[in-house]
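Below, each chain spelled out in residue letters.
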Amino acid sequence: MSNDAATGTPTLDGPQQEPPAHGLGASLPPADARAKTEGTFPYAADLWAEGLLWAAILRSPHPHARIVSIDTAAAAEMPGVRAVVTHEDVPGDSAYGRRIADRPVFASEVVRHHGEAIAAVAADHPDTARLAAAAIAVEYEVLDPVTDPEKAFAAEPLHPDGNLIRHIPLRYGDPEITGEVVVEGLYRIGRQDPAPIGAEAGLAVPRPDGGVEIYTASTDPHTDRDLAAACFGLEPDRVKVVVTGVPGATGDREDPGFQIPLGLLALRTGCPVKLAATREESFLGHAHRHPTLLRYRHHADAEGRLVKVEAQILLDAGAYADASSESLAAAVAFACGPYVVPHAFIEGWAVRTNNPPSGHVRGEGAMQVCAAYEGQMDKLAAKLGVEPAELRLRNVLATGDILPTSQTVTCPAPVAELLRSVRDFPLPPLPKDTPEAAWLLPGGPEGAGEPGAVRRGVGYALGMVHMLGAEGADEVSTATVKVHDGVATVICAAVETGQGFATLARQIVQETLGIEEVHVASVDTDQPPAGPAAHGRHTWVSGGAVERAAKMVRTQLLQPLAHKFGMSTELLQITDGKITSYDGVLSTTVTEAMDGKELWATAQCRPHPTEPLDASGQGDAFVGLAFCAIRAVVDVDIELGSVRVVEMAVAQDVGRVLNPAQLATRIEAGVTQGIGTALTENLRTTRGVVRRPDLTGYALPTSLDAPDIRIVKLVEERDVVAPFGAKPASAAPVVTSPAAVASAVRAATGRPISRLPIRPQAAVPAVPAGS
């Protein structure tokens, strides 16, 4: 698949064929598209129940403090207040965590970050709840926060587990080897927020058996249920999580820190309790991308071929561990990028600080190192006088090469093909110097400087991400397919977060069973687990489970017919609701073959196992890899430092195109998110206190910031171990596009550009003395 050069619309290479109306390969629209565009889609914030109470959470104004006392008397006595809960009211585990249970439900002795939950209130009106939360008197002894991750090593422990979460010393090759050409760099990546479209919201309803049901936009409902049940002191089967209206997710959509207080209040009051977080609470409560400090030294021979890479990577985990261990593993493993590096020595650390918590955000770990190693490749190209794209081509990975973790790349790795595709794609024309084209200038018509100060730059970046979980994670999903009266139903706890799983499930069943009408059931924890919506899991694992279940139903449907006509089921095919034999003797419809029966099957999908990285960073830690190449074209006003991204040309390794329109949308969204990382998105803090936690202080890219995104090539080289051969689509462009933008700004300005997001002063070339 490639793009039309004029329009950027995805087109199939070779002879053009009419796309199928349904099944795999069709651009089937999402089932909820109309409801979302018309504003009738039921989001979690729209939930309601009879006798509803409202919740509010009191949060710490300090990033680090000792709690001397908490007095809830004034809040509890306010008219309309039904319950006030603190750490003393948590009946089960006092702390939770998806990987390490180190984050308290409510702070008890020490506050470790700005916005940490202290107490929660339930009242009969949301204003009453907020006033009551504000009336809780907390006496703090303010402590000096540790906000510099480099100082966390020598600082007093911020947590009983210490400040060091994980250290990975990767050792690969000969440490004494040196190259003829050496370049060094120091890089800093800011704190990106997932900035979900809708802030966290949910409803908890007590059950007659003493349990509770939580209705929320969870992306991993079974893990959320288990964490909540442990804190409630209940068995998991007495807690039910029902997934409601997810408004999109780029990471862990719902932090349990919102759900657990909600459930506690419902259990305490015996009434339904609703919580709808403000945007400020959302910024303060959930996890962010890890701010990262990276030091690099690249060694190469005289021809520019890499000899050795040395790096130090420091991830700021904030107050609690969350997904920091996994993020660090990805950062260390991919620290050299999709390049052949015979010798690599990488030191990686993740440490606790008093900064806002960090966790899973799309492309975690891989995005930060991509910005750094591509900065190094630009430096190396400049030092050698070689074109940046050519230097990269001399070093790219291919199938059969070995990563610095000693894992062999067994999946398709068409990195050179991707890079050549974006390099050879026609460049966009230069804007004309006319008033009508003023909006094309950096800053727009109101903020643009003189057209003569605008410089154009072209930059390149290659990125890689891993698929599914890593380091021994047990990746498994279960799905059931039922067919009755010509209608199929898919039951799977894979949450539709905007990645398109619900649409893919429909397409799989259409393809396998020839049934056009397919429904996907809503998700709750009464269903078998399917795992979190991350790393392309549901396309692979849950899609694989749906396919297996559908094939089992297909066998049930075809076996009686095959037996009757004395042939095997492999000689029968289902197309457009009709069953035919290879010789044309048999021809009937699926409905006639069903004869009023209900058929169903349940299946699991579990990919091959991985292993943790060992003490020297070695091991087969990843199920598979996906690659992306991007060429960025930018215009920079070298007097103002403003940057306009003109075009992003994308070539991606996708394995197989399952839904062309949906795939293009995912890639375009990933590129746009990466542009935000490159130019605007940075959750700023002052000594640990978040500055302006709202969508005016945190600048997201809008439609006016989105450039022309040209999907130049989609390489369909199927991964034989993946169901359908497909690879995840959205994480790779998120990882690659910030590095490509930074590379283009370097080309335009001659400046090193070593920090993301790019600040205006960094894009203004230094003025020579005496000029």
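Peer 1: Describe the pairing of strand S29 (residues 643-653), listing the residues and the values that go with them.
Peer 2: Here S29 lies mainly inside the structure; 11 of its 11 residues are buried. As judged from the nine bridges shared by strand S28 (residues 622-637) and S29, these two strands associate in the antiparallel manner. Across the sheet, residue valine 634 finds its bridge partner in S29, namely valine 645. Two successive antiparallel strands, S28 and S29, enclose a turn made up of five residues, where glycine 641 displays a positive phi of approximately 80°. Sheet topology places S29 next to strand S32 (residues 708-715); seven bridges connect them, and they run parallel. Note that in S32 the partner of valine 650 across the bridge is isoleucine 711.

Peer 1: Kindly report on the packing of aromatic side chains, identifying the contributing residues and their values.
Peer 2: Tallying each qualifying case throughout the model produces seven aromatic pairs. Ring centres 6.5 Å apart and planes at 80° place the aromatic pair tyrosine 187 and tyrosine 296 in the edge-to-face group. Residue tyrosine 187 is found in strand S12 (residues 181-189), and its partner tyrosine 296 is found in strand S17 (residues 292-300); the two are separated by 109 residues along the sequence. When sorted by exposure, tyrosine 187 lands in the same class as tyrosine 296, which is buried. The residue whose ring lies beneath lysine 36 is phenylalanine 41, and the NZ or CZ to ring-centre distance is 4.9 Å.

Peer 1: How would you summarise the sheet that holds strand S16 (residues 273-276) if you had to cite specific residues and measurements?
Peer 2: Pairing is mixed in the open sheet, where seven strands are placed in the order S5-S9-S3-S16-S13-S14-S15. Edge positions in the open sheet fall to strand S5 (81-85) and strand S15 (239-243), since each of these has one partner strand only. Between one strand axis and the next, the sheet turns through 20° on average, direction left out of account. Sitting on the sheet, helix H3 (residues 126-135) touches strand S3 (53-59), S5 and strand S9 (117-123), and the angle it makes with S3 is about 25°. Helix-sheet contacts for helix H4 (residues 221-232) involve strand S14 (212-216) and S15, and the interaxial angle to S15 is about 145°.

Peer 1: Which residues make up helix H12 (residues 501-513), and what values do they have?
Peer 2: Given a rise of 1.5 Å per residue, 13 residues ought to cover 18 Å, and the 18 Å separating the end C-alpha atoms of H12 matches this to within 8%. A large share of H12 lies buried, amounting to 12 of its 13 residues. Those residues of H12 that fall on the buried side of the exposure criterion are Phe501, Ala502, Thr503, Leu504, Ala505, Arg506, Gln507, Ile508, Val509, Gln510, Thr512 and Leu513. Within two residues after H12, glycine 514 carries a phi angle of roughly 70°, on the positive side.

Calculation rules
- Residues numbered from 1 in each chain as written.
- Predicted model: local features only at pLDDT ≥ 70, side-chain atom pairs only at ≥ 80, totals over all residues.
- Heavy atoms only, no water.
- Buried < 20%, exposed > 50% of the residue type's maximum accessible area, 1.4 Å probe, protein only.
- Helix = DSSP H or I, 4+ residues; strand = E, 2+ residues; numbered from the N terminus.
- Pairing = 2+ DSSP bridges.
- Phe/Tyr/Trp six-rings, centres within 6.5 Å; stacked < 30°, edge-to-face > 60°.
- Lys NZ or Arg CZ within 6 Å of the ring centre and 35° of its normal.
- Axes fitted to C-alpha atoms, helices over the stretch in contact; angles between N-to-C directions.
- Contact = heavy atoms within 4.5 Å.
- Expected span 1.5 Å × (residues − 1).

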